[in-house]
Amino acid sequence: MFELVRVLSQQGLVRVELAKWRGRLVVVKRLSGFSAEATRRLEREADVVRKLDHENVVPLLATIEGALVYAYVPGVNLAQALADGPLPVARALKVVRDVLRALEHAHLNGVIHCDVKPSNVLIRGERALLTDFGFAKDLALTAITGDQQLLGTPNYMAPEQFHGIRTDHRSDLYGVGALLYHALTGDAPYGSQVLRFLTGDDRITLAPLPAEAACLAPLLSRALAREPGRRFAHAAAMLDALQATPIGA
Ligand SMILES: Nc1ncnc2c1ncn2[C@@H]1O[C@H](COP(=O)(O)OP(=O)(O)O)[C@@H](O)[C@H]1O
Ligand SMILES: [Mg+2]
């Protein structure tokens, strides 16, 4: 059914492959072993992504025997793009505007992504697309537990998520703030000190922004506020604030 081209990623039992299907390149996300929990998670990812239809969200083409078939986005993910250092400011802002548009659409559809980070943003030419709704919370379905906190780097994770407290769409806006900070400076917020920040140490501060992005400091400190109530209320409000900065349009 699928002709494997290469494996793009393997996280636990979830394998992501570039494959040929019906004469085109697609990305297939499926299990490489049996787990009831991972099966449920993939099913939920499909249910969530099916509700979305937006130019900044990677579209799901089909589900076949438990495998999720996504449109292939040629290019790199944002983590790969940042491996060589920060992005030019205008480019970083374009990526973030695209991610905010994707999140505005998701949030309006009752979906919280819960894992906004550079490896889940794909860069295709000028456009950025959000993917990997594997930890998403669908407000219309049962909420998932906070088990995503066990995985990966916590540098993009909102403090309330880290503590396993009820999250809402503002946790995603923290993730966007972290992503923007990384894109501008070349390093994730708080670097290796992030656990001290997350566990409440307010002596841990952010390294300053490069001079050409200094006017974004107020916006970033709002996006990265420890308290969700101090963040932007919605993705659209953060997008407006970004576009209102001297360099954000
Ligand atoms: N549609 C796609 N087109 C191109 N590359 C993709 C696509 N989906 C995923 N990838 C690549 O595979 C990686 C893992 O996919 P992802 O959905 O984030 O799963 P997971 O993080 O659970 O392994 C991404 O970081 C990206 O590099
Ligand atoms: Mg991912």
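Residues numbered from 1 in each chain as written. Chains lettered and ligands numbered in written order. Predicted model: local features only at pLDDT ≥ 70, side-chain atom pairs only at ≥ 80, totals over all residues.

**Thoughts on helix 1 (residues 36–50)**
The following threshold applies: Each helix is a run of DSSP H or I of at least 4 residues and each strand a run of E of at least 2, with the numbering of both proceeding from the N terminus. Expected span of a helix: the number of residues minus one, times 1.5 Å. Exposure in this text rests on C-beta crowding, where 20 or more other C-beta atoms within 10 Å of a residue's own make it buried, 12 or fewer make it exposed, and counts in between make it partly exposed. The C-beta atoms are placed from the backbone. Note that the arc is defined by the directions from the helix axis to the C-beta atoms. Any pair of residues counts as being in contact when their C-beta atoms, constructed from backbone geometry, are within 7 Å of one another.
In this model helix 1 runs 21 Å from its N-terminal to its C-terminal C-alpha over 15 residues, within 8% of the 21 Å that 1.5 Å per residue would give. For helix 1, the set of buried residues is Arg41, Leu42, Glu45, Val48 and Val49. Down the axis, helix 1 shows its buried residues gathered within 125° of arc, on one side only. Residues Ala36 and Arg40 are exposed on helix 1 and point more than 90 degrees away from its buried face. In this structure, the buried side of helix 1 is in contact with strand 3 (24–31), strand 4 (60–64), strand 5 (67–71), strand 7 (111–112) and strand 10 (137–138).

**Remarks on the environment of Met157**
You can see Met157 is positioned in the loop between strand 10 and helix 4 (159–162). Classification of Met157 by C-beta neighbours within 10 Å gives buried; the count is 25. On a C-alpha basis, the gap between Met157 and Leu8 in space is 24 Å, while along the polypeptide they are 149 residues apart.

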